[in-house]
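Residue strings, one per chain:
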Amino acid sequence: QLRLASSGNHAHEDHPDGAHYSPEAGFSTPFWRNTLLVSLLAVSFYKWAPPRDEDAYLTRWIAHYSTPPETWAQLNEKHLLQSQQVTDNMTEQGRATRPGIIRYRYPQSLEQASPHLQAVGSVPDMGGVTARTDS
């Protein structure tokens, strides 16, 4: 059977001699040790930190490896022009209309009158018919 770590009763173990031990007290606890270390770090930083008008080493290093502002300005201008072009294209497409041409739904219906599509014998022979004139 598997026992979870939180299901044990290890927090209330009885000591063999029956004595009750209290937690550590005084200035040697981890809290006071960490407080002393943080205080020493703060004092040392304040003592050896460069003045405000002088660039620190970290600031110079970041400035060395960062992208110059001129590059960002060029990229922003390029993006602005491309955005304007996309907007112009969308506006032009929004105002577009279909050409004024009548389009037939079934254009093959126009080919039914073609003499080449008539089956043999389906059209009467009109060769002997002559048209009368009024004279």
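1. Section: the overall build of the chain
Part 1 of the reasoning: In terms of helices and strands, the chain carries three helices and zero strands.
Part 2 of the reasoning: Its helices and strands in sequence order give the chain the pattern α-α-α, from N to C terminus.
Part 3 of the reasoning: Counting the 135 residues in the chain, one finds 1% classified as buried.
Part 4 of the reasoning: Counting every atom, the chain has about 14,300 Å² of accessible surface; 59% of that belongs to carbon and sulfur.

2. Considerations on helix H3 (residues 69–94)
Residues that lie three or four places apart on an α-helix share one face, since the helix turns once every 3.6 residues.
Part 1 of the reasoning: Between the first and last C-alpha of H3 there are 37 Å, a value that for 26 residues agrees with the 38 Å anticipated at 1.5 Å per step.
Part 2 of the reasoning: For H3, a buried count of zero out of 26 residues is recorded, marking the element as mostly open to its surroundings.

3. So, a nonpolar patch on the surface
Part 1 of the reasoning: A cluster of nonpolar side chains, namely Tyr57, Leu58, Trp61, Ile62 and Tyr65, defines an oily patch on the protein surface of about 650 Å² accessible area.
Part 2 of the reasoning: Here Leu58 shows up in helix H2 (residues 57–65).

4. Points about the confidence of the model for the chain
Part 1 of the reasoning: With 81% of its residues at a pLDDT of 70 or more, the chain has an overall mean of 81.
Part 2 of the reasoning: Confidence, read as mean pLDDT per element, is least for H2 in the chain (86) and greatest for H3 (96).

5. Comments concerning the packing of aromatic side chains
Part 1 of the reasoning: Applying the stated criterion across every chain yields a total of two aromatic pairs.
Part 2 of the reasoning: Plain terms: the ring middles of Phe31 and Trp32 are 5.1 Å apart, the flat faces sit at 75° to each other, and that makes the pair edge-to-face.
Part 3 of the reasoning: Note on Phe31: relative accessible area 55%, which makes it exposed.

Parameters and conventions
Residues numbered from 1 in each chain as written. Predicted model: local features only at pLDDT ≥ 70, side-chain atom pairs only at ≥ 80, totals over all residues. Heavy atoms only, no water. Helix = DSSP H or I, 4+ residues; strand = E, 2+ residues; numbered from the N terminus. Buried < 20%, exposed > 50% of the residue type's maximum accessible area, 1.4 Å probe, protein only. Areas by Shrake-Rupley, 256 points an atom, 1.4 Å probe, with all protein chains shown as cover. Expected span 1.5 Å × (residues − 1). Patch = residues over 30% accessible without salt bridge, like charges linked within 9 Å, V, L, I, M, F, W, Y side chains within 5 Å. Salt bridge = Lys/Arg side-chain N within 4 Å of Asp/Glu carboxyl O. pLDDT = per-residue confidence, 0-100. Phe/Tyr/Trp six-rings, centres within 6.5 Å; stacked < 30°, edge-to-face > 60°.

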